[in-house]
Amino acid sequence: MQLFLLTVLLGAILTILVSGNNLSVSVGTVVGARIIRRWTGVLIGIVGYVSGLLLEGESLRYAATALLPHSYYFISIALLISITAFIIATLLRAPLSLTMVLVGSVIGISIHAGRIPDQGLLLLIVAMWIISPILSIAISYLSNKVLIKNPPKDIWKTAISMKGLLVVASFFTSFTLGANTLGFILNLLGGGSVVLTVMVVGIVIGSVFLSKGVIKRVGEEMYSMRYSSATISLLSSAILVEVATILGVPLSNSQTLSASVVGSGLSYSFKAINMRPFLLIVATWIISTFLGFFLGYII
Amino acid sequence: MEKPSFFKKFTSVGERNILSKFTVFPDLGTEVADFLVKMMQSDIKEMDVLNEKVKMKEREGDDLSENFSVLITRGAINPSLIDNLLFLVNRLDDIIDRSYYLSREMKRMNIGYLQSNGNLGKVLESPYKMFVHMLTSGKDAFAALKGMLTESDMGKINEYKKKIEIIEEAVDDMKDSVLDDTYKNADKMNYIVFNHVTSMVHKIDDMVDDCEDAADLILSIYKSLTG
């Protein structure tokens, strides 16, 4: 019972961190572009996370159970590794994908426990993690090219449509994060109404109390893009995460979004894009996964 | 004041609201151009009054520019457009500022200098006629600029932009013509008159150049908004 409570507590902490940290990814653009106020953004994020978790969270059940034996001991270790890695990354101001650390640690623990996870699933995860960013760049690049080549006739009707679409894209991004990353955590914890309630509370706490700084920073600095580029980036990223959810594969939203932002940047003939931060993010994806795996394996 | 509904707030674009407010600048530009033309054509007694009117408009422009800058940085504007909008406000305000320079310069020359050196006044007749043409063309450019700020059809906006470019080139030619004539007749004027004509012609040309710069910025803002 104590181990169960500890696991649920760690799950709640991870949910708080994931919700707060990723709110910038889903609604940072729309808040940063000043289309909606921060609190409206937070509300969109919460509703998106919760509805995604409730409606599609089950899709990640197989991945969670196939990757890690259902033991509260193992689960609490995986969660502890992810939380620690997140705190260290925050202190070092390094971009970190919690999904990747979590999945890496889960696989590491599983192998350490002498259980080889479903190889087909592992292959699918690796393939998705490699293909998704590439696809994200390609979709974003091509969509932007099409938009640039076909300028709209009416500026303001287009701008209003873009704004509306951007809000929809923000909600959709939150929804897919709720379904995928949070769905994976829910299923790791074993599901059930108690865990679900704790996670919903965690979503609200994280979104309300941990999102302020990141939304402002990511929204205004990193994603201060044109409406069309921001919409395309968010939509292409969210579609890929949704596809991954349908396939039952955990996939990082920040991974696909960072890639689609690069794709948008590359589509302009005048490319004032700094590739260094993106390369740093790519390096962090690889490090995050292997760090999670290594820690999961040795602990 | 009635609070706008959520739908109305959502379907209004912050950038559109602010750009439509900027139309006050081309209107001010047209008014000051009219005052300047009157100063060139009317009796010397009216010069002081007209100069005061231009001064008032220049202050109005400065106040508007300050208020708009606050509105831009605090309003529902995409951060990536803020710099361009601030540049635009400055450029539009520059047009009015230059008109006040012209007004003071004319006042100094006509009241401060020509009253005691009246025989030199004739030399100014020809350049002043050309200045009137330049300012009248400037007014056409301001009207096109206003059209760019209120229009939503990209095709028409590009037409306005083209019109401003043509006007700017024509004003540039007029400037060259004034300068050519001034240098040809340099022996008939002293340094003060020569300096007056050259500085006036450059400033009027700058007003129309500012108008073209503003048109470029407006187009760039529209392109940023739509992809």
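Values in this document were obtained by computation on a predicted structure and should not be read as measured data.

Caption draft 1: Molecular detail of the overall build of chain A. If you tally the helices and strands in chain A, you get twelve helices and zero strands. Beginning at the N terminus, the succession of helices and strands in chain A can be written as α-α-α-α-α-α-α-α-α-α-α-α. At 19 Å, chain A has a C-alpha radius of gyration in line with the 19 Å of a compact globule built from 299 residues. Counting only C-alpha atoms and orienting by the principal axes, one finds that chain A spans roughly 65 × 35 × 35 Å. The buried share among the 299 residues of chain A stands at 56%. Taking contacts inside chain A between residues at least 6 apart in sequence as the whole, the part at least 24 apart equals 88%.

Caption draft 2: Main features of the overall build of chain B. When you go through chain B residue by residue, the secondary structure sums to eight helices and zero strands. The order of α-helices and β-strands along chain B, N terminus first, is α-α-α-α-α-α-α-α. C-alpha extents for chain B along the principal axes are approximately 70 × 35 × 25 Å. Buried positions account for 38% of the 227 residues belonging to chain B.

Caption draft 3: Spatial organisation of the confidence of the model for chain A. Of the residues in chain A, 93% have a pLDDT of 70 or more, and the chain-wide mean is 86. Highest mean pLDDT in chain A belongs to helix α2 (residues 38–56) of chain A (95); lowest belongs to helix α9 (residues 212–222) of chain A (53).

Caption draft 4: Structural context of the interface of chain B and chain A. The partner chain A presents 20 residues to the 18 residues of chain B that form the contact. At the level of secondary structure, the elements contributing two or more residues to the side of chain B that touches chain A comprise α2 (14–21), α5 (79–113), α7 (154–184) and α8 (191–226) of chain B. Ranked by residue count, the leading element in the side of chain B that touches chain A is α8(B), at four residues. Classifying every residue of the side of chain B that touches chain A by side-chain character gives seven nonpolar, nine polar and two charged.

Caption draft 5: Region of the structure containing the packing of α2(A) against helix α8 (residues 193–209) of chain A. Residues and elements named next belong to chain A. Relative orientation of the contacting elements α2 and α8 amounts to 155°, with a least axis distance of 10 Å. Overall, the two elements α2 and α8 adopt an arrangement that is roughly antiparallel. Helix-helix and strand crossings are classified by hand; for α2 and α8 the assignment is right-handed. Residue-level contacts link Val42, Gly45, Ile46, Tyr49, Val50 and Leu53 of α2 to Met199, Val200, Ile203, Val204, Ser207 and Val208 of α8. For the contact of α2 with α8, the per-class residue count stands at ten nonpolar, two polar and no charged.

Caption draft 6: Spotlight on helix α11 (residues 253–266) of chain A. In this model, α11(A) (14 residues) spans 20 Å end to end at C-alpha, consistent with the 20 Å of a helix rising 1.5 Å per residue. Here α11(A) lies mainly inside the structure; 13 of its 14 residues are buried.

Caption draft 7: Region of interest: the environment of Met128(A). All names here are of chain A. Take Met128: it is sitting in helix α6 (residues 119–149). Among the residues examined, Met128 registers 21 C-beta atoms within 10 Å and is labelled buried. For the pair Met128 and Gly32, spaced 96 residues apart in sequence, the C-alpha separation works out to 30 Å. Residue contacts for Met128: discarding those within four places in its chain leaves Ala244, Val249 and Leu251.

Caption draft 8: Molecular detail of the nonpolar core. One finds Leu68(A), Ala78(A), Leu36(B), Leu145(B), Cys211(B) and Ile218(B) to be the most contacted residues of the largest nonpolar core, which totals 140 residues. Counting residues per element, this core draws most heavily on helix α7 (residues 155–188) of chain A, which supplies 16 residues. With sequence-adjacent residues up to four places away left out, Cys211(B) is seen in contact with Ile95(B), Gly138(B), Ala141(B), Phe142(B), Leu145(B) and Ile164(B). Formed by seven residues, the second largest nonpolar core is a distinct cluster that contains Ile137(A), Tyr141(A), Leu257(A) and Ala259(A).

Caption draft 9: How the structure looks around the environment of Gly183(A). Tracing the backbone through its elements, the reader meets Gly183(A) in helix α7. For the pair Gly183(A) and Gly248(A), spaced 65 residues apart in sequence, the C-alpha to C-alpha distance is 10.0 Å.

Caption draft 10: Main features of helix α6 (residues 125–150) of chain B. All names here are of chain B. The first and last C-alpha atoms of α6 sit 38 Å apart over 26 residues, in line with the 38 Å expected at 1.5 Å per residue. Among the residues of α6, Pro127, Phe131, Met134, Leu135, Gly138, Ala141, Phe142, Ala144, Leu145, Met148 and Leu149 are the ones counted as buried. Of the surrounding secondary structure, the elements contacted by the buried residues of α6 are α2, α3 (24–41), α7 and α8.

Caption draft 11: Fine view of the packing of α5(B) against α8(B). All names here are of chain B. Look at α5 against α8: their axes get within 9 Å of each other, and the N-to-C directions meet at 165°. For the element pair α5 / α8, the angle class is roughly antiparallel. Of the two possible hands of crossing, α5 and α8 adopt the one that is left-handed. Here the contact of α5 with α8 is composed, by residue class, of 19 nonpolar, seven polar and eight charged.

Caption draft 12: Spotlight on the confidence of the model for chain B. With 93% of its residues at a pLDDT of at least 70, chain B reaches an overall mean of 90. Scored as a whole, the predicted complex attains pTM 0.80, and scored at its interfaces, ipTM 0.72.

Calculation rules
Going along each chain's sequence as written, the residues are numbered from 1 onward. Chains carry letters and ligands carry numbers; both start at the beginning, A for chains and 1 for ligands, and go up in the order they are written. Totals for whole chains, interfaces and linings use all residues, but because this is a predicted model, local features are given only for residues with pLDDT of at least 70 and pairs of side-chain atoms are given and counted only at 80 or more. Only DSSP runs of H or I covering at least 4 residues are called helices, and only runs of E covering at least 2 are called strands; the numbering of each starts at the N terminus. Values of the radius of gyration come from C-alpha atoms, whereas the globule rule sets the reference at 2.2 Å times the count of residues to the power 0.38. A residue is called partly exposed when the number of other C-beta atoms within 10 Å of its own lies between 12 and 20, exposed at 12 or fewer, and buried at 20 or more, with C-beta atoms placed from the backbone. We call two residues in contact if the C-beta atoms placed from their backbones are at most 7 Å apart. The pLDDT score gives, residue by residue, the confidence of the prediction method on a 0 to 100 scale. Polar here means any residue outside two lists: the nonpolar Ala, Val, Leu, Ile, Met, Phe, Trp, Tyr, Cys and Pro, and the charged Asp, Glu, Lys and Arg; Gly therefore counts as polar. The axes are straight lines fitted to the C-alpha atoms, using for helices just the contacting stretch, and the angles between their N-to-C directions are given from 0 to 180°. Should an angle lie under 35 degrees it is considered roughly parallel, over 145 roughly antiparallel, and from 65 to 115 roughly perpendicular; all remaining angles are considered oblique. Should the near helix be turned anticlockwise from the far one by less than a right angle, the crossing is termed left-handed; should it be turned clockwise, right-handed. In this analysis, the expected span of each helix is defined as 1.5 Å times one less than the number of residues it contains. Only buried residues count toward a nonpolar core: Ala, Val, Leu, Ile, Met, Phe, Trp, Tyr and Cys, linked into one set through C-beta atoms within 7 Å.

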